[in-house]
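Each chain is listed here by its residues.
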Amino acid sequence: MPIPWIAALKIIPWGDVIEHAPKVLAAARKLLDKQKAPSAPPPVGTPLDPAAETPSLGELHKRLIEARQLIDQQATAQQQIAQTLSELAEQNARLVDAVQLRRVRTRLLSGVAVLRAVGLGVLLAR
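As the structure is a computational prediction, the values presented were derived from the model and not from experiment.

Some details on the overall build of the protein
Working step 1: When you go through the protein residue by residue, the secondary structure sums to three helices and zero strands.
Working step 2: Residue burial in the protein is summarised as follows: out of 126 residues, 6% are buried.
Working step 3: A total accessible area of about 10,900 Å² is found for the protein, and carbon and sulfur atoms account for 65% of it.

Right, here's the structure in full:
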């Protein structure tokens, strides 16, 4: 039987969620800032255009350096995304563990309540 949404929302440890929210928000903002401000790629002439002048060795070297910088920036952004996803996965795992713990505690307390009710019924029946 699936857990109703209201019950699921009640058993989430919101204290932990609120505690970790600033870290997640900061990482997300950092990621968005990096995505919003990409450096403009240098204009590249079409290599098949016979009318275009052949770039000089210095120009080719400059383009190569710019391409390497772009690749390094992409690698850094990818690493940050992977780290953020890893942190989110860890937090998700902690939430799942906490929900499971709450579920076990609820079952245990329900069993204790039933036993108390039976015991009280037995005492009142005497």
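Observations concerning the side chain of Gln-91
Working step 1: Examined against the element boundaries, Gln-91 turns out to sit in helix α3 (residues 57-125).
Working step 2: You can call Gln-91 buried: its relative accessible area is 14%.
Working step 3: Sequence-distant contacts of Gln-91, that is, excluding residues within four places in its chain, are made with His-20 and Val-24.

A short note on the environment of Val-96
Working step 1: With respect to the element layout, Val-96 can be found in helix α3.
Working step 2: Each C-alpha atom of the pair Val-96 and Pro-13 lies 9.9 Å from the other, and the pair is 83 residues apart in sequence.

A few points about α3
Working step 1: For α3, with 69 residues, the first-to-last C-alpha span of 101 Å sits near the 102 Å given by 1.5 Å per residue.
Working step 2: Taken as a whole, α3 has its buried residues at Ala-77, Thr-84, Gln-91, Ala-98 and Val-99.

Description of a nonpolar patch on the surface
Working step 1: Together, Ile-81, Leu-85 and Leu-88 make up an exposed nonpolar region whose accessible area comes to about 230 Å².
Working step 2: Mapped onto the elements of the fold, Ile-81 is located in helix α3.
Working step 3: On the basis of relative accessible area, Ile-81 is assigned to the partly exposed category, the value being 31%.

Reading the values: rules and limits
Residues numbered from 1 in each chain as written. Predicted model: local features only at pLDDT ≥ 70, side-chain atom pairs only at ≥ 80, totals over all residues. Heavy atoms only, no water. Helix = DSSP H or I, 4+ residues; strand = E, 2+ residues; numbered from the N terminus. Buried < 20%, exposed > 50% of the residue type's maximum accessible area, 1.4 Å probe, protein only. Areas by Shrake-Rupley, 256 points an atom, 1.4 Å probe, with all protein chains shown as cover. Contact = heavy atoms within 4.5 Å. Expected span 1.5 Å × (residues − 1). Patch = residues over 30% accessible without salt bridge, like charges linked within 9 Å, V, L, I, M, F, W, Y side chains within 5 Å. Salt bridge = Lys/Arg side-chain N within 4 Å of Asp/Glu carboxyl O.

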